[in-house]
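Survey of secondary and tertiary structure
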Amino acid sequence: MDTLSANTGRQILLAVVSAIQENAAYLSELDGATGDGDHGVNMNKGFTSFRNKLGDAPVTVSDGLSTLGSTLLTEIGGAMGPLYGTLFMAMGSACENESSITREIFADMLTNALNEVQDLGGAAVGDKTLLDTLVPALEAYKAALANDLSFADALRQMTAAAEAGKESTREMVAKLGRASRLGERSRGHLDAGATSCYLILNALATAMIAELS
Amino acid sequence: MDTLSANTGRQILLAVVSAIQENAAYLSELDGATGDGDHGVNMNKGFTSFRNKLGDAPVTVSDGLSTLGSTLLTEIGGAMGPLYGTLFMAMGSACENESSITREIFADMLTNALNEVQDLGGAAVGDKTLLDTLVPALEAYKAALANDLSFADALRQMTAAAEAGKESTREMVAKLGRASRLGERSRGHLDAGATSCYLILNALATAMIAELS
Amino acid sequence: MQRIINDPTLVVEDMLKGFVKGHPDLIAPTDDPRVLKYKHAPVTGKVGIVTGGGSGHKPAFVGYIGRNMVDAVAVGEIFSSPSAQAFYNAFKAADSGNGVACLYGNYAGDNMNVKLARKMAEKDGIRVETVVANDDVPSAPSSERNKRRGVAGEVLMWKVGGAKAATGASLDEVISAAQKAIDNTRSVGVGLTPCTIPAVGKPNFTIEPGKMEMGIGHHGEPGVQVTDLKSANEIAEAMVSLILPDLPFESGDETVVLVSGLGATPVMELYILFNRVAELLDAKGISIYRPYVGNYFTSLEMMGATVTVMRLDDELKTLIDMEADSMGLTQFAGS
Amino acid sequence: MQRIINDPTLVVEDMLKGFVKGHPDLIAPTDDPRVLKYKHAPVTGKVGIVTGGGSGHKPAFVGYIGRNMVDAVAVGEIFSSPSAQAFYNAFKAADSGNGVACLYGNYAGDNMNVKLARKMAEKDGIRVETVVANDDVPSAPSSERNKRRGVAGEVLMWKVGGAKAATGASLDEVISAAQKAIDNTRSVGVGLTPCTIPAVGKPNFTIEPGKMEMGIGHHGEPGVQVTDLKSANEIAEAMVSLILPDLPFESGDETVVLVSGLGATPVMELYILFNRVAELLDAKGISIYRPYVGNYFTSLEMMGATVTVMRLDDELKTLIDMEADSMGLTQFAGS
Ligand SMILES: Nc1ncnc2c1ncn2[C@@H]1O[C@H](COP(=O)(O)OP(=O)(O)O)[C@@H](O)[C@H]1O
Ligand SMILES: Nc1ncnc2c1ncn2[C@@H]1O[C@H](COP(=O)(O)OP(=O)(O)O)[C@@H](O)[C@H]1O
Ligand SMILES: [Mg+2]
Ligand SMILES: [Mg+2]
Ligand SMILES: [Mg+2]
Ligand SMILES: [Mg+2]
């Protein structure tokens, strides 16, 4: 009951794609308040392109994540293409050749993703970016493992922390990217990237919990 | 009592200059309603430059008119520079070498001016231009001479007809120049060039009447 | 009025000072502050090329002064013809004794001032012949072509006239080449926003947001139709269908196509417009021998564009291909 | 939004189609629709010059593809970095086996995508070295120069890098010349109106009428000060006094001065601004070896301008003087 078969890639990736597609307008609206209003458009473009590539074939978790990552890298530029591209590629490569994914492997996947994204983008917690979601999510997940919670419960803790992290951006002043133009006026708005990151982690966790065996 | 000494050029030309300088803002305002609002600026620039050239020296009517004309030709471009430049040059050349100006010579001066202006600009009565002032003014002046009115009375008839001509442009639709853009909407506004032409003729006539001997 | 200017009545003076400083290798001032000339003008043995017009149309007119281009330019106030004196001084600055081709646009003020300046030059024994550009199709029906305004087609007239003069041709030959250029050229403009003359301080015509004016002139002269703002492809179609039947251009024709912005339209959009114009010509079997896309003849900060098509023969091709060096048009031979 | 476009999400695609059609002698498409290259690239024996960035800055970036200039460009969405894949494909299109100099501007997205693309290219054995333009003085204090944005100074970096590569120099030599160019270059921008990304449909920042923003970035990044709109002379003074002390430029220096419009400011006004900049440098004993005035690096239809000053040494002079043929910069040798 505490591992995820590598063959569940299709289900899990489709859940992530749907989360972005369904929230595209919402994400653009959030970005519109402090940025240029295209975050949902950018994300939707990349995720939908991946969805089309996926077709009807089954895929491993690792291959699915890697393909999503390389699609984002190839097709959406800006800062989001490389950041989310790197994030998914890093997750995918951390479970390459594994026939099943344990809760420890998933910790490695998240850790690898965070390291690479931080390495590439140079943002830190408090800058009002997707890292304000990702960092507390990973910390909560690792804490859950340290407390020997089940895979599913650890994922639930991760999701809750991701949501809290996303919410924490509301009171932050943006230090990076377009929104930093607004200075104090960026306060009071959720960060678009932090929100998409929460939606992705939440979709991932929900789909994984359903597939645990 | 019915000729004008050629040596009165200074007084007469100064009167014309003042009429333009004092009405510069008004002329621009008129031009603003249907054109680009620069008629007073353009005219003021040329007439003031002539005023500075004139200095304190006396001048003959012919030389004064010719210098004013050449100043306008040299220094203000657009359509007004050549039109008013030609008008004053033509008036000046029609009284060259005359020691005094009779009412007949003045008729020649006006006729010459009208011919050259029409030749150059190609406008006709009814086009909503300065010709709507100049043409009836000359006609009235010639009619007064045919009726053997005095020089002063002929000038008064000319001024009255110039004013009526100017007023007639209010109900016209512009066919030439910038104002033609407005089509029907140019109706209801005095033409700026017709107004400046009236102001010039009026100033000329008033100063001449005062100098008749 | 969001402008980078000093005294609004002195924008032309200030601009000319900067322009002379900005092009020391091409441009020289003359004794007349309203006349600039090519540094090497008058060029010995060459017919002088002169143009002139109101300011606010950068690169026109001074931007086309240069090698194998225009020798001297008379500079007017914003949207206002230069004085007769300025045209006359430009003739003198350009004449090397071989006469002057005055290639200018069909506007009342310019016509009058050139006419007077020619008379002045004739007294000096300078022979001046003129070509009056009238490429703007919507400004009058084809039965009254002599009433049409000159717009961006003037650039091609200068290119052809300048190149012909550079071959050492006679004044008559230069005039006939430039006349042929403009006779084979048709243009149309579309306006999306008005513009503001700095000394006036407010736009002196209006185009409502969401609307466009097809056939507008370079100073906001009225167009043929105000409609809802259409897509670039539809705009291209409307423009091309005003231009092509007028000459008419026909299958097999080789052309120059010049798409110019009116000032504030991003150059990106000019390429979008050009893309469709090229497709439409292609579909009609009309080939583009040489395209020009950019801000070649503007109207202050108006948004909008002009499309110009010129039909070529062998002579025009050779002249269009000639090397040229000016601020507004720099090209290598045959490239 | 008064724009000549079709589908607002496809402006880049439509523009690129028109751009390729508009420059058949200079530009060739590649298999990647987001990469254009010089028609003759890769040039045998020559280091490849690559750049890339978001669209909406015409002539930047594709307008600098050409002879003695840039060999291949990665094209992003409006104001958005090209993908890593596009940079990688541009490297491949430019590399003749002598390596690639990737000369680009300091923006988060570009840094990340270039970094990833370099890794991809290394796997193919293509050597890629980078110079990251950071000429925009107001974007960070001089103690944090590596945080500064690249703006119009990039044009001079490409000119120098492209010319150095054309001499047959090695990759290290090209990189060091381009690095020297940008190290000696300082810029500042002033914004008078905001701009609208077509797919967004409304401006995503504001500059009130009657105000100006000194130090603004090419995408509306915040400046150092919002004030009442000043005269051209005062604007020039403010800009020059931000630039000169930063390098610092000193009496006796020979410079290139580049005044670029941001898109919708009439070119006339750029000369008015340049006129005063030139006077101010002259008063400090700084000479202008070569001026450039025009729309060299724009921001859609923003009003405003950038001023860039580069200090020259003998090598930079020679490289700046070299002939160049591109849509954005065409110049004859030494002229
Ligand atoms: N260096 C960075 N590291 C992590 N996330 C970042 C960084 N810079 C920006 N972001 C994220 O990017 C999001 C905006 O993405 P998007 O709108 O797609 O790109 P753009 O700002 O180019 O329009 C922001 O909400 C922020 O979360
Ligand atoms: N062909 C013409 N003949 C006579 N007057 C003309 C002609 N064209 C225009 N005008 C006059 O010019 C006046 C406008 O002058 P002005 O504002 O100085 O020039 P612009 O129209 O170039 O701004 C009009 O009111 C009209 O009277
Ligand atoms: Mg965004
Ligand atoms: Mg964006
Ligand atoms: Mg007027
Ligand atoms: Mg005017």
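Residues numbered from 1 in each chain as written. Chains lettered and ligands numbered in written order. Predicted model: local features only at pLDDT ≥ 70, side-chain atom pairs only at ≥ 80, totals over all residues. Heavy atoms only, no water.

1. Observations regarding the overall build of chain C
Along the backbone of chain C there are eight helices and 15 strands. The C-alpha atoms of chain C give 19 Å as radius of gyration, which agrees with the globular expectation for 335 residues (20 Å, within 12%). By principal-axis analysis of the C-alpha atoms, chain C measures approximately 55 × 50 × 35 Å. Here chain C holds 335 residues, and the buried ones make up 66% of them. In chain C, the proportion of contacts linking residues at least 24 apart, taken out of those at least 6 apart, comes to 73%. When the accessible surface of chain C is split by element, carbon and sulfur atoms take 49% of a total near 10,100 Å². Of the charged side chains in chain C, 31 are positive and 40 negative, and the gap between their average positions amounts to 3 Å. (Helix = DSSP H or I, 4+ residues; strand = E, 2+ residues; numbered from the N terminus. Rg over C-alpha atoms; globule rule 2.2 N^0.38 Å. Buried < 20%, exposed > 50% of the residue type's maximum accessible area, 1.4 Å probe, protein only. Contact = heavy atoms within 4.5 Å. Areas by Shrake-Rupley, 256 points an atom, 1.4 Å probe, with all protein chains shown as cover. Lys, Arg positive; Asp, Glu negative; His and termini not counted. Charge placed at Lys NZ, Arg CZ, Asp CG, Glu CD.)

2. Overview of the overall build of chain A
If you tally the helices and strands in chain A, you get nine helices and two strands. If you list the helices and strands of chain A from N to C, you get β-α-α-α-α-α-β-α-α-α-α. Against the 2.2 N^0.38 benchmark of 17 Å for 213 residues, chain A shows a C-alpha radius of gyration of 16 Å, consistent with a compact globule. The dimensions of chain A, computed from C-alpha atoms along their principal axes, are 50 × 40 × 30 Å. When each of the 213 residues of chain A is scored for burial, the buried share is 56%. Contacts in chain A between residues at least 24 apart in sequence constitute 70% of all its contacts with a sequence separation of at least 6. Summed over all atoms, the accessible surface of chain A reaches about 8,200 Å², with 50% contributed by carbon and sulfur.

3. Some words on the site of ligand 2
All names here are of chain B. Taken together, 17 residues surround ligand 2, and among them D36, D38, H39, M80 and D191 come closest. One of the side-chain N or O atoms of N42 is found 3.0 Å from an oxygen atom in ligand 2. For ligand 2, whose accessible area on its own is 580 Å², the fraction buried by protein is 90%. Listed by contribution, the elements that provide at least two residues to the shell around ligand 2 are α3 (39-54), α5 (80-93) and α9 (192-211). Here the shell around ligand 2 takes three residues from α9, the largest share from any one element. (Near = heavy atom within 4 Å. Polar contact = N/O pair within 3.5 Å; in protein donor to acceptor, adjacent residues only side chain to side chain.)

4. Points about the arrangement of the chains
When the three pairs of chains in contact are ranked by number of contacts, first place goes to chains C and D. Spatially, chain A is disjoint from chain B: no contact exists, and the shortest C-alpha separation is 39 Å.

5. Focus on the nonpolar core
W158 of chain C together with W158 of chain D are the most contacted members of the largest nonpolar core, which totals 198 residues. Not counting the four nearest positions on each side in its chain, W158 of chain C is found in contact with T51, A60, F61, Y64, V70, L103, A163 and F297 of chain C. (Core = buried A, V, L, I, M, F, W, Y, C linked by side-chain atoms within 4.5 Å.)

6. Quick notes on the site of ligand 1
Residues and elements named next belong to chain A. Among the 17 residues in the neighbourhood of ligand 1, the closest are listed as D36, D38, H39, M80 and D191. The contact in question runs from an oxygen atom of ligand 1 to an N or O atom on the side chain of H39, over 2.9 Å. Computed on the free molecule, ligand 1 has an accessible area of 580 Å², of which 90% lies beneath the protein chains in the complex. When residues of the shell around ligand 1 are traced back to their parent elements, those giving at least two are α3 (39-54), α5 (80-94) and α9 (192-211). In terms of residues, the shell around ligand 1 owes the most to one element, α9, which gives three residues.

7. So, unusual backbone geometry
Residue P248 of chain C follows L247 of chain C across a cis peptide bond; omega there is -5°. With respect to the helices and strands, P248 of chain C occurs in the loop between α6 (232-243) and β11 (254-261). In this model, A60 of chain D is joined to F61 of chain D through a cis peptide bond whose omega is -5°. Within the fold, F61 of chain D resides in the loop between β3 (48-55) and β4 (66-67). In this structure, L300 of chain C is a non-glycine residue whose phi angle is positive, near 50°. Within the secondary structure, L300 of chain C is located in the loop between β12 (287-294) and β13 (304-311).

8. Details of the side chain of D14 of chain D
Along the chain, D14 of chain D falls in helix α1 (residues 11-22). Separated by 3.2 Å, the side chains of D14 of chain D and N6 of chain D make a polar contact. If we skip the residues at most four places from it in the chain, D14 of chain D touches Y271, I272 and N275 of chain C together with N6 of chain D.

9. Focus: the sheet that holds β11 of chain C
Residue and element names in this part refer to chain C. Strand order in this open sheet of six strands is β10-β9-β8-β13-β11-β12, and the pairing throughout is mixed. If you trace the sheet from one side to the other, it starts and ends with β10 (225-228) and β12, each paired once. Averaged over all neighbouring strand pairs, the angle between strand axes comes to 20°, with direction disregarded. Pairing between strand β8 (residues 185-191) and strand β9 (residues 211-214): two bridges, direction antiparallel. Across the sheet, G191 pairs through a bridge with E213, a residue of β9. Contacting β8, β11, β12 and β13, helix α4 (residues 153-166) crosses the sheet at an angle of about 40° to β13. Sheet contacts for α6: β8, β9 and β13; angle to β8, the most-contacted strand, approximately 145°. (Pairing = 2+ DSSP bridges. Axes fitted to C-alpha atoms, helices over the stretch in contact; angles between N-to-C directions.)

10. What to know about the interface of chain D and chain C
Where interface size is quoted, it is often the accessible area lost as the parts come together. On the chain C side, the residues contacting the 61 residues of chain D number 61 residues. Carbon and sulfur atoms supply 65% of the area buried between chain D and chain C, which totals about 4,900 Å² over both sides. Looking only at chain D, the three residues that lose the most surface to chain C are Q2, I4 and F332 of chain D, adding up to 19% of its buried area. In this structure, the connection of chain D to chain C is made through four salt bridges. Across the pair K21 of chain C and E279 of chain D runs a salt bridge, and its minimum N-O distance is 3.8 Å. (Buried area = accessible area lost by both parts, 1.4 Å probe. Salt bridge = Lys/Arg side-chain N within 4 Å of Asp/Glu carboxyl O.)

11. Focus: the pattern of salt bridges
Throughout the structure, instances matching the rule amount to 61 salt bridges over all chains. Here K147 of chain D and E144 of chain D are joined by a salt bridge, their closest N and O atoms 3.0 Å apart. What makes K147 of chain D exposed here is its relative accessible area of 54%. In this structure, K180 of chain D engages D313 of chain D in a salt bridge whose closest nitrogen and oxygen atoms are separated by 2.7 Å. Placement of K180 of chain D in helix α5 (residues 171-183) and of D313 of chain D in the loop between β13 (304-311) and α8 (314-321) is noted, with a sequence separation of 133 residues between them. Taking the relative accessible area as the measure of exposure, D313 of chain D reaches 30% and is therefore partly exposed. Put simply, K45 of chain B together with E13, R34 and E77 of chain C are held in one network by salt bridges that share partners.

12. Some words on the domain arrangement of chain C
Residues and elements named next belong to chain C. Segmentation of chain C into domains returns domain 1 (8-183) and domain 2 (185-331). Its C-alpha centre places domain 1 at a distance of 21 Å from the equivalent point of domain 2. With 48 residues of domain 1 at the interface, the matching set in domain 2 holds 46 residues. Ranking the residues of domain 1 by area buried against domain 2 places F79, L156 and K159 at the top, with a combined share of 16%. For the pair domain 1 and domain 2, the interface holds 24 residue pairs in polar contact (both at pLDDT 80 or more). Secondary structure elements with two or more residues in the side of domain 1 that touches domain 2: α1 (11-22), β4 (66-67), α4 and α5 (171-183). A total of ten residues in the side of domain 1 that touches domain 2 trace back to one element, the largest contributor, which is α4. By residue class, the composition of the side of domain 1 that touches domain 2 is 26 nonpolar, ten polar and twelve charged. (Domains from an automatic or database assignment. Nonpolar A, V, L, I, M, F, W, Y, C, P; charged D, E, K, R; others polar.)

13. Some points on the sheet that holds strand β1 (residues 27-29) of chain D
Residues and elements named next belong to chain D. An order of β1-β2-β5-β3-β6-β7 is seen for the six strands of this open sheet, with the pairing classed as mixed. On the outer flanks of this sheet lie β1 and β7 (128-133), each paired with one strand and no other. Averaged over all adjacent pairs, the angle separating strand axes in this sheet is 25°, with direction ignored. Two strands pair when backbone bridges link them, and strand β2 (residues 35-38) and strand β5 (residues 72-78) are joined in this way by three bridges, in the antiparallel orientation. Within β5, the residue paired with L36 across the bridge is V73. Sitting on the sheet, helix α2 (residues 84-94) touches β2, β3, β5, β6 (100-105) and β7, and the angle it makes with β3 is about 150°. Against the sheet, helix α4 (residues 153-166) contacts β3, β6 and β7, and its axis sits at roughly 170° relative to β6.

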